[in-house]
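# Structural characterization, general
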Amino acid sequence: MVGPVAQPLIIAAGEQRMIHVFDLDMRPEQARFLREPGALAQVLGTEEIDLDHVEIFPVSDLEDLGLVGYLRDGCGIPKEQLASDAQKLAAIEGYVLLLRSRALRGEATRLTPASQIRHIGDYSEVGADWASLPSNPDDAPESAKPYSSSRPSPREARSRARRIGATIFVIVMVLILLVVLMLVT
């Protein structure tokens, strides 16, 4: 299917925790080829993409879970975000491309996907809620403090273990020496 180039997709510098979903209208061997270095960047019209943060797979691999279920359960995207695009996501039958923000290394990027690549939507992954943590570490519960008084630091624990080990070694050596002396006499 050859047609006009899709509308450019502008990714802001410093974007984090976003997944850009694309429908790949191409033969399976073409979709698999996009995993080769430089191929995906070329069809998206950009310089470089970190393939460690890209997923390309046939939707049929998801079986009963489906793409919406995978994005919700596997990627941590809230179902409320997926609701408006659920029909578009469910309609994808071939290969799909999931492009995470980290694939663009935090740089501002202008994507101009080839005609076989249709942008479906952008979804934000749920992250940790750091707002609930106290700003002063002394206000945190004892279990949340790095080295609370109930637990020694790793350095203290290693030092104590060495002393115990040395003491046991000396006791065993003394016992062996006593046994050898008793056998000799």
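Heads up: the structure comes first, above all this text.
A quick note: this is a predicted structure, and the numbers were derived from the prediction, not measured.

### Let's talk about the overall build of the chain
Looking only at helices and strands, the chain has six helices and six strands in total. In the chain, buried positions account for 31% of the 185 residues. Of all intrachain contacts in the chain linking residues separated by at least 6 positions in sequence, the fraction that spans at least 24 positions is 79%. Carbon together with sulfur atoms contributes 56% to the accessible area of the chain, which is approximately 12,600 Å² in total.

### Description of the environment of Gly106
Take Gly106: it is sitting in the loop between strand E4 (95-100) and strand E5 (109-111). As for Gly106 and Ala12, which are separated by 94 residues in sequence, their C-alpha atoms are 8.0 Å apart. Beyond its immediate chain neighbours, meaning those up to four positions away, Gly106 contacts Ala13, Gly14 and Ser101.

### Here's the deal with the packing of aromatic side chains
Applying the stated criterion across every chain yields a total of one aromatic pair. A ring pair is formed by Phe57 and Tyr70, whose centres lie 5.6 Å apart and whose planes are at 75°; its orientation type is edge-to-face. You can see Phe57 sitting in strand E3 (residues 54-58) and its partner Tyr70 sitting in helix H3 (residues 66-74), a full 13 residues away along the chain. You can call Phe57 buried: its relative accessible area is 10%.

### Section: the pattern of salt bridges
Counted according to the given criterion, the structure contains eight salt bridges. Here Arg118 and Asp23 are joined by a salt bridge, their closest N and O atoms 3.4 Å apart. You can see Arg118 sitting in strand E6 (residues 117-124) and its partner Asp23 sitting in strand E2 (residues 18-24), a full 95 residues away along the chain. A salt bridge links Lys88 to Asp85; the nearest nitrogen and oxygen atoms lie 3.6 Å apart. Taking the relative accessible area as the measure of exposure, Lys88 reaches 36% and is therefore partly exposed. Among the residues examined, Asp85 registers a relative accessible area of 13% and is labelled buried. Salt bridges sharing common partners tie together Glu48, Asp50 and Arg105.

### A look at the nonpolar core
Leu24, Leu44, Ile49, Val54, Ile56, Leu97 and Leu99 are the most contacted members of the largest nonpolar core, which totals 20 residues. Every residue in contact with Leu99, bar those within four places of it in the chain, is listed here: Met18, Ile19, His20, Phe22, Leu44, Ile49, His53, Val54 and Leu111. The next biggest cluster of nonpolar side chains, apart from the first, holds 17 residues, and it includes Ile19, Ile77, Leu89 and Tyr123.

Definitions and limits used
Residues numbered from 1 in each chain as written. Predicted model: local features only at pLDDT ≥ 70, side-chain atom pairs only at ≥ 80, totals over all residues. Heavy atoms only, no water. Helix = DSSP H or I, 4+ residues; strand = E, 2+ residues; numbered from the N terminus. Buried < 20%, exposed > 50% of the residue type's maximum accessible area, 1.4 Å probe, protein only. Contact = heavy atoms within 4.5 Å. Areas by Shrake-Rupley, 256 points an atom, 1.4 Å probe, with all protein chains shown as cover. Phe/Tyr/Trp six-rings, centres within 6.5 Å; stacked < 30°, edge-to-face > 60°. Salt bridge = Lys/Arg side-chain N within 4 Å of Asp/Glu carboxyl O. Core = buried A, V, L, I, M, F, W, Y, C linked by side-chain atoms within 4.5 Å.

Purely geometric stuff here, so don't read any function into it on its own.
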